[in-house]
Amino acid sequence: MPRNPLHLPDNTPIIIGAGQHVQRLASDARPPFTPPAALAAAAAEKALADARMPAGDIDTISMIRLFSDSAPAWRSPFGGSNNLPESVAQRLGAAPEQRIYSGSGGTEPLERMREMLGDIARGERTSVLLLGAEAIASERFAARNGFSDDWNETHDVPLDDRYRPGRFALREEVDSGLKMPAHFYALIENAQAHAMGHSPEAHRRHMAELMAPLAAVAVDNPFTQKPTAYSAADLAATGDDNYPLALPLRKRLVAQDAVNQAAALVLTSVGNARAKGIDPRQWVFVTGYAEGEDRFLSQREDPGLSVAMQRVFAAALAMADARAGDMHLLDLYSCFPCAVHAARLALELPGQGGVPLTVTGGLPYFGGPGNNYCMHALAEMVTQLRGSTARGLVTANGGLLSRHAAAILTADSAGAAALDWTQGPHVVLPESIRALPLCAAPASGAIVTSTVVARRGKADVGVVLADTPGGRCLASTRDAEITRQLAQADACGRHIEFFECENKRAFRFASA
């Protein structure tokens, strides 16, 4: 059993409530559809009930930004609220003093949790509702069936909007034909395949075997969006229902964002929990945390890994005076297989067996609710940790294996008193990591990694990242024979020549 927490200072921040919600649409669903604010409120009601705290005690609502408010391409066809935290508050009957709407990225749930815990420790907040939701499944369903709806809401109360335009890719990367996250992650994936000595076929099996245990967890999770039993053979299949996105990545191996899911946490201080009579058996502590950001993908010495990820994980474990092997529960961010593999390497976890890599089932199988996935991982971790001395590690990834965060949670108060949450977190800055230069006018080079981007399931553009005497360089081609060779064999190390084609940098294999 966990140790008695009575020795803890009153300002020690804790998690006291967790809740999740999923809505599965019937095939004959019709408008009106449930908006994100209502989904979030459903999860919040569960978290507040779990915490045994009335909504009126919440002084801060901090909400994770919707995908539809993160980029124009994701804009909701139904509109939305101009103050989403207030839309949730009104559904709950809450009157928070502060309403926060986060920035974008997969690390936001962990980063905002760390911010709120620090504010609670400094006495700047008392009780915080941290939550997020997505209703992309409804949006997609409506688009397929020609339905419309109206999710617009207008509120005239203050909002602390944290949106800041940012970029995770260089112009040179985008100009080479890399448009979607899967295109970039395919470069990472093939760099890892080369490091492991895998042929395309061997790496397809490796990815399937890595991800199949996650799918098995998702099947048994009551909050999974679309529980489906996938074997490794199913994930490695090459049929029309598992079409390529950018080789070697196929549909069943990547995050599935068509979800109606929500999750919430309630945070407060030990002192407030004591005053409210909240059972210490509800309390969960964060005993380790770090965050950071890497260089742009093409500038990394090894594009198959992330130095920032390695440093962030190491710092979070050091803060908790722990090793990865001490963790009883894990949830590794799983948007793509290469993200899981990179995290497993950074933590020096065994290739097979050991602790399962997820408590939810992961983004491809549990569901990938936009920026909010890690809120589900945190909520599930809180639920599973209670009543034990176990420790759990939740990791997050944003951008292109770019931004990272890691948190260690436990229901055991040992070690919690030693942490000073009034201080800022450990942050790994990209400037602390070596960046390789880019070459503006290359003549020839050797391939570091490559991919073939698919369009409508068919090979379309071959993209390479190469080393040249002047630095790194990206180039692309639509030559059918070259893309065939890139798809069928490991091209890393092959020598290429660059030339201009239709005002873009193209390449061909160098003559023997």
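All of these numbers come straight from a predicted model, not from anything done at the bench.

Asks: Is there a simple way to think about the overall build of the chain in this case?
Replies: The helix and strand inventory of the chain stands at 13 helices and 18 strands. Taken over C-alpha atoms, the radius of gyration comes to 23 Å for the chain, in line with the 24 Å a tight globule of 512 residues would show. The principal-axis extent of the C-alpha atoms belonging to the chain is close to 75 × 55 × 40 Å. Looking at the 512 residues of the chain, the share that counts as buried comes to 58%. Pairs at least 24 residues apart make up 79% of the contacts formed inside the chain by residues separated by at least 6 positions. When the 48 positive and 55 negative side-chain charges of the chain are each reduced to one mean point, those points stand 3 Å apart.

Asks: Whenever I open this one, unusual backbone geometry confuses me. Can you help?
Replies: With glycine set apart, most residues show a phi of negative sign, and most peptide bonds adopt trans. Each neighbour pair has its own omega, and for proline 31 with proline 32 the value is 5°, a cis peptide bond. With respect to the element layout, proline 32 can be found in the loop between strand E1 (13-22) and helix H1 (36-51). Cis geometry marks the peptide bond from leucine 247 to proline 248, where omega comes out at 15°. The phi dihedral of glutamate 502 falls on the positive side, at around 55°, and the residue is not glycine. Among the secondary structure elements, glutamate 502 is positioned in the loop between strand E17 (495-501) and strand E18 (504-509).

Asks: Can you walk me through the packing of H1 against helix H2 (residues 84-92) in this structure?
Replies: Geometry of a packed helix pair, given as the angle between the helix axes and the separation of the axes. Two numbers describe how H1 lies on H2: the axes approach to 9 Å, and their chain directions differ by 55°. Viewed along their axes, H1 and H2 adopt a mutual orientation that is oblique. As H1 runs across H2, the sense of the crossing is right-handed. On the side of H1, the interface is formed by Ala37, Ala38, Ala40, Ala41, Ala44, Glu45 and Leu48, while H2 contributes Leu84, Ser87, Val88, Arg91 and Leu92. The class makeup of the residues in the contact of H1 with H2 is nine nonpolar, one polar and two charged.

Asks: Even after reading the chapter, I still don't get helix H12 (residues 373-385), so can you show me in this structure?
Replies: Since the α-helix advances by 3.6 residues per turn, residues separated by three or four positions end up pointing in the same direction. The end-to-end C-alpha distance of H12 is 19 Å, a good match for the 18 Å that 13 residues give at a rise of 1.5 Å each. Of all 13 residues making up H12, 11 are buried, and the element is well covered by its neighbours. Within H12, burial applies to Tyr373, Cys374, Met375, His376, Ala377, Leu378, Ala379, Glu380, Met381, Val382 and Leu385. After H12 finishes, the residue glycine 387 shows a positive phi value of roughly 80°.

About the criteria used
Each chain carries its own residue numbering, running from 1 in the written order of its sequence. Where totals are concerned, whole chains, interfaces and linings use all residues; where local detail is concerned, this predicted model gives features only for residues with pLDDT of at least 70, and gives and counts side-chain atom pairs only at 80 or more. The side-chain quantities take in all heavy atoms of the structure and omit both hydrogens and water. Only DSSP runs of H or I with at least four residues qualify as helices, and only runs of E with at least two residues qualify as strands; both kinds are numbered from the N terminus onward. What the globule rule says is 2.2 Å times the number of residues to the power 0.38, and the radius of gyration is computed from C-alpha atoms. Using a 1.4 Å probe on the protein chains alone, a residue whose accessible area is under 20% of its type maximum counts as buried, one over 50% counts as exposed, and one in between counts as partly exposed. By the convention used here, residues are in contact when the closest approach between their heavy atoms is within 4.5 Å. Counted charges follow a simple rule, with Lys and Arg positive, Asp and Glu negative, and His plus the chain ends left uncounted. We put the charge of a Lys on NZ, of an Arg on CZ, of an Asp on CG and of a Glu on CD. Every axis corresponds to a line fitted to the C-alpha atoms, with the helix fit spanning only the stretch in contact, and the corresponding angles, defined between N-to-C directions, vary from 0 to 180 degrees. What sets the label is the angle itself: under 35 degrees gives roughly parallel, over 145 gives roughly antiparallel, 65 to 115 gives roughly perpendicular, and the rest give oblique. For any helix crossing, the convention is left-handed if the near helix is rotated counterclockwise from the far helix by under a right angle, and right-handed if that rotation is clockwise. In the scheme used here, Gly and all other residues not listed as nonpolar or charged are polar, with Ala, Val, Leu, Ile, Met, Phe, Trp, Tyr, Cys and Pro taken as nonpolar and Asp, Glu, Lys and Arg as charged. Helix span, as expected, comes to 1.5 Å for every residue beyond the first.

Remember that the coordinates give geometry; whether it matters functionally is a separate question.
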